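For reference, the chains in residue letters:
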Amino acid sequence: MILENTDSKMYNILQNEIRREDETLELIASENFVSNSVLEMAGGVMTNKYAEGYPGKRYYGGCQHVDEAEILAQDRAKSLFSATYANVQPHSGSQANMAVLMTFLEIGDTVMGLDLAHGGHLTHGSPVNFSGQLFNFVSYHVHHDTGRVDFDEVWDLARKHKPKMIICGGSAYPRFIEFEQFREVADEVNAFLMADIAHPAGLVATGLHPSPIPTCDVITTTTHKTLRGPRGGMIMMGEDKENPWGKVATKSGRVKRISELIDSMVMPGIQGGPLMHIIAAKAVAFGEALKPEFREYTRQIVDNAKCIAEEFLSRGYNLVSGGTDTHLVLIDLTENGITGKKAENSLEKVGITVNKNMVPFDQKSPFVTSGIRIGTPAVTTRGMKQDEMKTIVALIDKVVSSPDSEDLLSTVMSEVQDICKDFPLYKELIG
Ligand code: DSN
């Protein structure tokens, strides 16, 4: 690597991160490992190019090749999800969500979203986020007994508050998102329905999770979780209608389509120059996701998550919603006498990376929590299957049961290293 000679400090930091990724079990549900092709494109020369605007309508010269890359990313995204519109410029899922909220709503409008502690996302109305500060969010919750969205509450809140938009989806919801049930509610109160599929996007693309395209007005996602692309965001629609707010195009007097308003909100509304290397890497990842092997991969992600759920249940653990339909499992550790924070820290000591997570009706703060969230996209990318999942659950169980036993932690750590050695990652990058 050239970097080794030009900046040894950064080279060493990079090597340490490559080794950390290679020598630990990555179970954070929102993380994954991109292919070498995606990595190459994300680290390529398109990082040099300014391209404010959209293909064919840029504010800079020299955009012919990045235009091709962006068009390919849009086209591949549309065929992957059967969408008619895709904006691939949002730098992140949060910015995709911001652009949608700012397009469809006026400041102060009422919106409904899943409470963060019940599996929602920061941008679905958390008071510390722009969403909760600029809009009047009303949170819905999961039901105490089922861990699934409480539709009695959703109906009551929607009838009472008459939201202009309802957001479905979240970051720690192990079950299929109930698009059709949300559509019924949205239709009755005349609300827009937005789906945030950041987590299950790869499963949606391969038909392993229901698609929001026929039911939701607008869909946002990230590109780096189950979809296995570079870190970034995207906005899609199944149907691109004329905007209902009477916003017309200035010269011809033509009423603008919603897609045009979203495009303008992404850039120049909330972003400037798009990250063309990342957009190009999105195109590469979407190309990979269109291949038949990707469906086998996502099938294995789900099979692995179901296997993990069954193993934890058989060991007496309490899982929110009693299991999973997707890539993630949310474990409620309240009855195990350990906090999410302590479990995360002890697991990190043995090379198992998870994140502490609030569970519904959690009595602990977000910095402590009563749960951990476990996801299978990254370990599945390494080629691990059910046998490894069973071993991983056994190791997690040992650590959670004796989090302070140095002897046990050291034995578990060497078992983790053995598994990782059998499924090497990015070995060509290690100097
Ligand atoms: N922070 C991401 C997650 O971990 O789910 C969502 O944006």
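One can find the structure itself at the top, above this paragraph.
Residues numbered from 1 in each chain as written. Predicted model: local features only at pLDDT ≥ 70, side-chain atom pairs only at ≥ 80, totals over all residues. Heavy atoms only, no water.

A. Up close: the overall build of the chain. Summing up its helical and strand segments, the chain has 16 helices and 15 strands in all. In terms of overall dimensions, the chain has C-alpha extents of about 75 × 60 × 35 Å along its principal axes. Taken across its 431 residues, the chain has 57% of its residues classed as buried. Taking the contacts inside the chain whose residues are at least 6 apart along the sequence as the reference set, 70% of them involve residues at least 24 apart. Accessible surface computed for the chain: about 18,400 Å², of which carbon and sulfur atoms make up 50%. Taking the average place of the 42 positive charges on the side chains of the chain and the average place of its 56 negative ones, the gap between the two points comes to 4 Å. (Helix = DSSP H or I, 4+ residues; strand = E, 2+ residues; numbered from the N terminus. Buried < 20%, exposed > 50% of the residue type's maximum accessible area, 1.4 Å probe, protein only. Contact = heavy atoms within 4.5 Å. Areas by Shrake-Rupley, 256 points an atom, 1.4 Å probe, with all protein chains shown as cover. Lys, Arg positive; Asp, Glu negative; His and termini not counted. Charge placed at Lys NZ, Arg CZ, Asp CG, Glu CD.)

B. Broad picture of the packing of aromatic side chains. Applying the stated criterion to the full structure yields 9 aromatic pairs. Considering the side-chain rings of F294 and Y297, the 5.5 Å spacing of their centres and the 50 degrees angle between planes classify their relative orientation as tilted. Of the two residues, F294 and Y297 are both situated in helix 12 (residues 292–314); the distance of 3 residues between them amounts to about one turn of the helix. F294 gets classed as buried once you look at its relative accessible area, which sits at 7%. Above the ring of Y297, the side-chain terminus of R228 is found at 6.0 Å from the ring centroid. (Phe/Tyr/Trp six-rings, centres within 6.5 Å; stacked < 30°, edge-to-face > 60°. Lys NZ or Arg CZ within 6 Å of the ring centre and 35° of its normal.)

C. Structural view of the sheet that holds strand 15 (residues 371–375). Strand order in the open sheet made by the 4 strands is 11-12-15-14, with antiparallel pairing throughout. The sheet is open, and its two borders are formed by strand 11 (318–319) and strand 14 (355–357), each paired with just one other strand. Bridging between strand 11 and strand 12 (residues 328–332) involves 2 bridges; their strand directions are antiparallel. Residue pairing across strands places L319 opposite I331, the latter belonging to strand 12. The sheet strands contacting helix 12 are strand 11, strand 12 and strand 15, and the helix crosses strand 12 at an angle near 20 degrees. (Pairing = 2+ DSSP bridges. Axes fitted to C-alpha atoms, helices over the stretch in contact; angles between N-to-C directions.)

D. Spotlight on unusual backbone geometry. A cis amide bond links M267 to the next residue, P268, at an omega of 15 degrees. Along the chain, P268 falls in helix 10 (residues 258–270). We note that S82 has phi near 55 degrees; this positive angle belongs to a residue other than glycine. A residue is classified by how much of its surface remains accessible, and S82, at 56% relative accessible area, is exposed. In this structure, S321 is a non-glycine residue whose phi angle is positive, near 75 degrees. Looking at where S321 falls in the secondary structure, it is placed in the loop between strand 11 and strand 12. A relative accessible area of 13% places S321 in the buried class.

E. Summary view of the site of the ligand. In the vicinity of the ligand, the contacting residues are S30, H121, S171, H199, K225 and R373. At 2.8 Å, a side-chain N or O of H121 approaches an oxygen atom of the ligand. Between the ligand and R373 there is a distance of 2.8 Å, counted from an oxygen atom to a side-chain nitrogen or oxygen. When the ligand is considered free in solution it has 230 Å² of accessible area, and contact with the protein chains removes 63% of it. Of the residues belonging to the shell around the ligand, the class tally is no nonpolar, 4 polar and 2 charged. (Near = heavy atom within 4 Å. Polar contact = N/O pair within 3.5 Å; in protein donor to acceptor, adjacent residues only side chain to side chain. Nonpolar A, V, L, I, M, F, W, Y, C, P; charged D, E, K, R; others polar.)

F. Main features of the pairing of strand 8 (residues 192–196). Along strand 8, 5 of the 5 residues are buried, which leaves the element largely enclosed by surrounding structure. In terms of strand pairing, strand 7 (residues 165–168) meets strand 8 through 4 bridges, oriented parallel. What sits directly across from I166, in strand 8, is L193. Crossover connection from strand 7 via helix 8 (residues 179–189) to parallel strand 8: handedness right-handed. (Right-handed = clockwise from strand over helix to strand, strands pointing away.)

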